[in-house]
Amino acid sequence: MATPGTSNAELNPTNVDFLVVGTGPAGGSLACFLAQNGLRGLMITNRRSLADTPRAHITNMAALDCLRDIGLDDDCYKVGTSGDCMAHTRWSASMAGEEYARIYSWGNSPRRKGDYELASPSVPIDLPQSLLEPILTRYATHNGFCCRFDTEHVSFEQLENDGGIISTLKDVVTGHIYSVKSKYLFGADGGRSRIAKGLQLPFTEKPGGGFAINALVEADLSHLMKNRVGNLHWILQPDQETSDASFLPVANVRMVKPWHEWVFGLCPRPEAERQARSPHEYAAQIRQLIGDDTVDFKIKGVSTWVINETFADLYSKGDVFCLGDAVHRHPPNHGLGSNTCIQDAHNLAWKIAYVHRGWAGKELLSSYSDERQPVGQDVVTQANASWRNHATIWQVLGCFEADVKGGKAALSALKDSSSLGQQRRDQLQKALRLLDREEHGLGIEMNQRYRSTAVYLEDEKDGPPSFDTDPLEHYHPTTYPGSRLPHAWLSNAIPSAAVSTIDLAGKTGFTLITGIGGDGWRHAAEMATKALGGVPLAVRQIGFRKQYEDRYLDWAKLRGVKESGCVLVRPDYFVAWRCMEWEDDSPAKLMLVLRTVLSR
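For the structure given in this document, a descriptive report is provided here. (Residues numbered from 1 in each chain as written. Predicted model: local features only at pLDDT ≥ 70, side-chain atom pairs only at ≥ 80, totals over all residues. Heavy atoms only, no water.)

Notes on the environment of Arg-372
Let me state the cut-off plainly: Helix and strand assignments follow DSSP, with helices taken as H or I runs no shorter than four residues and strands as E runs no shorter than two, numbered in order from the N terminus. Whether two residues are in contact is decided by their heavy atoms: any pair within 4.5 Å suffices. Polar contacts, as used here, are pairs of N or O atoms within 3.5 Å; protein pairs need one atom able to donate a hydrogen and one able to accept it. Residues neighboring in sequence count only if both atoms are side-chain atoms.
Here Arg-372 is to be found in helix α9 (residues 366-396). Residues Arg-372 and Leu-314 lie 58 residues apart in sequence; the distance between their C-alpha atoms is 9.4 Å. The residues touching Arg-372, leaving out its near neighbours within four places in the chain, are Tyr-315, Thr-340, Gln-343, Asp-344, Asn-347 and Tyr-450. There is a polar contact of 3.4 Å between the side chain of Arg-372 and the backbone oxygen of Thr-340.

Here you go:
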């Protein structure tokens, strides 16, 4: 049998340009973005269907901006949940019982709502993976990608001299083994990625944080939710005898659809067995966590997952690229999993397309790992730090005590006027403040700063700007090259529907944003497009009685250049270069920048 990295492929393989392994948020969105660029290919999965459990669910603004680029954000809003249903994260004795604490979440804090509205034209939603994957697959298959289920990627072999990749595939149903030859292979095959293993990618792996069991439960809890609105509920029962001593007195109840479908996340003790039981064996625990014996419920399925702290140090070798959980694995804290997958794909797709069309040199592809690997590493680090902050709350509330007596004493101490009681309350409040950075971690979602050959920094003499607020908690909009294009609302002189600066960019092309006095950029862009063989470069002017009006004068504060200057934006919404003002040699400089960014 073939091993990863080798091939026993039959003669005369089927030819495809692009082979995507995995139909989750990483593989599905990559197929969509490649299709957006007019590319065709094949995506496969060894599963027999799309996700049949909710899995990832929080979808942040950065990811929705990417999906906005292909018009899928509206589809996501239709099936996702937003607004008040996501208002809080809570800690309580049961879904029906006493509450220990709550914090605002996902942009619902009165102190933070404006930050979210200023950061993006999108809004955060709770979108279970089981609803996201069909949206992605439908777009991809309607726009040039074929999809095969029950298809296992067995092995691959990279041929020399850019000869392509031979992949050995297996039909799981029939056992038939056949081969596919592709120009590029994409490993979006999850946390046990065979492709990452076959590439022998170097990984940094820290000791795992444990094992968890998810039970998908149908239960109408609407009568409990009026004063308990929120999509994440931590249930802590250190003062109660549990129905199964092999589990910690800690669980997470996560809304799937308000207020009748939920995921109950159960935490086995470290020494407990690492496998799922039959659903009915968890019924007593679910009943105790709900805390209302009148509620009827049905356990629809049980799945398991491992709490990881693992990231790849390199995302690609040759013409094989890995993305998503294949290269960054972490707990769900911060809700960054599927969001990071989608942004990996948005970064990679345009680069593949430009090289494939001859618009860019192949060296451009190395910028994918250079840009996305630090992001993945940061996400893994912060998600695990947040997981440990949660553990602090569990400890303060007595969940790590040796017995129920100790748990009762820990809870009782919180209401005591003694120095111990004050210390416990201070510890709880400190931990909750740290977790507010998670629930309102706009910075970790939006503050990516790329450094690579696809970012031109030669004209930035002063270095990146500094900010006086926490970069994990607060978004720092800037046009400094390598940063996300800031959002600002625009319109026409005769008031029209608002248009975001984000909407001026993307759509598979570069965008040059200028203002009054920047008319010369149009001709410069036309010359550059012609000289570079058709590289798409749109010019947008923002200013008084120009193409777009700066509706609230926010762009004037954010653009970072003079009115006649320009901000050059890549197809993935990230700034490639900026020029302070128009000068006689600006056309030549634009040409130099584009050649540099595109490795021409």
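Picking up after the structure, the text goes on.
Re the side chain of Glu-473
Inspection of the secondary structure puts Glu-473 in the loop between α12 (442-446) and β21 (489-491). Once you skip the residues sitting within four places of it in the chain, Glu-473 turns out to touch Arg-112, Asp-436, Arg-437, His-440, Gly-441, Leu-442 and Gly-443.

Section: the sheet that holds strand β17 (residues 310-312)
The condition is simple: Two strands make a pair as long as DSSP finds a minimum of two bridges between them. To get an axis, fit a line to the C-alpha atoms, keeping to the stretch in contact for a helix; angles then go from 0 to 180 degrees between the N-to-C directions.
Within the open sheet, the three strands sit side by side as β11-β17-β20. Their pairing is antiparallel. Two strands close off the open sheet at either side, each with one partner strand: β11 (203-205) and β20 (328-329). One ladder, built from three bridges, connects β11 with β17; its direction is antiparallel. Across the sheet, the residue bridging to Glu-205 is Thr-310, located in β17. Sitting on the sheet, α9 touches β17 and β20, and the angle it makes with β17 is about 175 degrees.

Some points on the packing of helix α2 (residues 61-68) against helix α8 (residues 337-357)
Note the following rule: Roughly parallel covers angles under 35 degrees, roughly antiparallel covers those over 145, roughly perpendicular covers 65 to 115, and oblique covers all other angles. Less than a right angle of anticlockwise turn of the near helix away from the far helix marks a crossing as left-handed, whereas a clockwise turn marks it as right-handed. Residue polarity follows a fixed list, in which Ala, Val, Leu, Ile, Met, Phe, Trp, Tyr, Cys and Pro are nonpolar, Asp, Glu, Lys and Arg are charged, and the others, Gly among them, are polar.
Following both chains from N to C, one finds α2 and α8 inclined at 40 degrees, their axes separated by 9 Å at the closest point. The orientation of α2 relative to α8 falls into the category oblique. Both α2 and α8 take part in a crossing whose hand is left-handed. Contacts between α2 and α8 involve Ala-62, Ala-63, Cys-66 and Leu-67 on the former and, on the latter, Asn-339, Ile-342, Gln-343 and His-346. Residue composition of the contact of α2 with α8, by class: five nonpolar, three polar and no charged.

Let's talk about the pattern of salt bridges
Definition in use: One side-chain nitrogen of Lys or Arg within 4 Å of one carboxyl oxygen of Asp or Glu is enough to make a salt bridge. Residue burial is assigned from relative accessible area. The probe radius is 1.4 Å, only protein chains are included, and a residue is buried under 20% of its type maximum, exposed over 50%, and partly exposed in between.
Summed over the entire model, instances satisfying the criterion amount to 29 salt bridges. Linking Asp-69 and Lys-507 is a salt bridge whose minimum nitrogen-to-oxygen distance equals 3.7 Å. Remark: Lys-507 occurs in the loop between α13 (501-504) and β23 (510-514) and Asp-69 occurs in the loop between α2 and α3 (73-79); sequence separation between them is 438 residues. Since its relative accessible area comes to 4%, Asp-69 is described here as buried. The exposure class of Lys-507 is partly exposed, given its relative accessible area of 45%. What emerges from the salt-bridge pattern is a single network uniting Lys-351, Glu-371, Arg-570 and Asp-572.

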